[in-house]
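# Fold and geometry: a report
The lines below spell out each chain.
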Amino acid sequence: MGRNGSLVMPISIDSQLIPYVAALAATLLFLALLWIRAKRAANLAAKKQQDRLSRQEKDLATVNKQLLEVRSVVIGLGQKVSEQQDTIQILNDRIREIENNDNDGRLYSRASKMVKLGADVNELIQECELPKAEAELMMSLQNKIASKQEDRSPQRAPTRRAQAPRSESAQPSGYPPRRPLKR
């Protein structure tokens, strides 16, 4: 206890040391303030960095979702393209098959040419293996077409080839060989 009964003891400082002690206290106070400011700045920078990282993670998650959506769309489109290619291949095969198996169309085309060249119903029946009704219809249609063409150009008459008696095995010249009917 001190002289006056107080608990604080008086400190005696040399008067020459007071400016040094004051300078030391001011330096310590300045360093403490700098440390507090640096800590606040570091905390603020860390918070900004954390916020930036959080935004980037959200953006990354959004981009990942979009990428997954794009992937699924691309996969779906790839499947549709593959299906379309299969369909195109099937259709191309069917077209080739139809082109190869179009015997009826060839027979009718041949019959039409024969009528234009002057063949009669019996020749159509024998050479093109057409039923009598179809041969007569073919003759009638070709005659109508020929008469319409004559009406348009009166100076031009249709040419008919001379009819010669034929044997059943004789083929008209210029025509492909006869094929048997499929039944």
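These numbers come from a predicted model, not from an experiment.

What counts and what doesn't
- Residues numbered from 1 in each chain as written.
- Predicted model: local features only at pLDDT ≥ 70, side-chain atom pairs only at ≥ 80, totals over all residues.
- Heavy atoms only, no water.
- UniProt positions renumbered as here; feature names shortened; annotations may be inferred.
- Helix = DSSP H or I, 4+ residues; strand = E, 2+ residues; numbered from the N terminus.
- Core = buried A, V, L, I, M, F, W, Y, C linked by side-chain atoms within 4.5 Å.
- Buried < 20%, exposed > 50% of the residue type's maximum accessible area, 1.4 Å probe, protein only.
- Expected span 1.5 Å × (residues − 1).
- Arc of directions from axis to C-beta.
- Patch = residues over 30% accessible without salt bridge, like charges linked within 9 Å, V, L, I, M, F, W, Y side chains within 5 Å.
- Areas by Shrake-Rupley, 256 points an atom, 1.4 Å probe, with all protein chains shown as cover.
- Salt bridge = Lys/Arg side-chain N within 4 Å of Asp/Glu carboxyl O.

### Overview of the UniProt feature "transmembrane region" (unreviewed entry) in the protein
Those places that UniProt annotates as "transmembrane region" (unreviewed entry) correspond, in this numbering, to residues 17–38. Structurally, residues 17–38 comprises 95% helix and 0% strand, and the distance from its first C-alpha atom to its last is 31 Å.

### Structural notes on the nonpolar core
In this structure, Ala111, Met114, Val115, Ala119, Leu124, Cys128, Leu130, Ala135, Met138 and Met139 together form the largest nonpolar core, which totals 10 residues. Counting only elements with at least two residues in this core, the list comes to helix H2 (103–116), helix H3 (121–128) and helix H4 (132–152).

### Considering H4
Each α-helix winds once per 3.6 residues, and so residues spaced three or four apart point in a common direction. End to end, H4 covers 31 Å across 21 residues, agreeing with the expected 30 Å (1.5 Å per residue, within 8%). Those residues of H4 that sit buried are Ala135, Met138, Met139 and Gln142. All buried residues of H4 fall inside an arc of 95° around its axis, so they share one side. Set apart from the buried face of H4 by more than 90 degrees, the exposed residues are Ala133, Leu137, Lys144, Lys148, Asp151 and Arg152.

### Quick notes on a nonpolar patch on the surface
A cluster of nonpolar side chains, namely Leu24, Leu28, Phe30, Leu31 and Leu34, defines an oily patch on the protein surface of about 500 Å² accessible area. Mapped onto the fold, Leu34 is located in helix H1 (residues 18–100). Classification of Leu34 by relative accessible area gives partly exposed; the value is 39%.

### Points about the pattern of salt bridges
As enumerated under the stated definition, the model contains 4 salt bridges in all. One salt bridge connects Glu127 with Arg110, and the closest N-O pair in it is separated by 3.5 Å. Here the residue Glu127 occupies a position in helix H3, and Arg110 occupies one in helix H2, the gap between them amounting to 17 residues. For the pair shown, Glu127 and Arg110 are each scored as buried.

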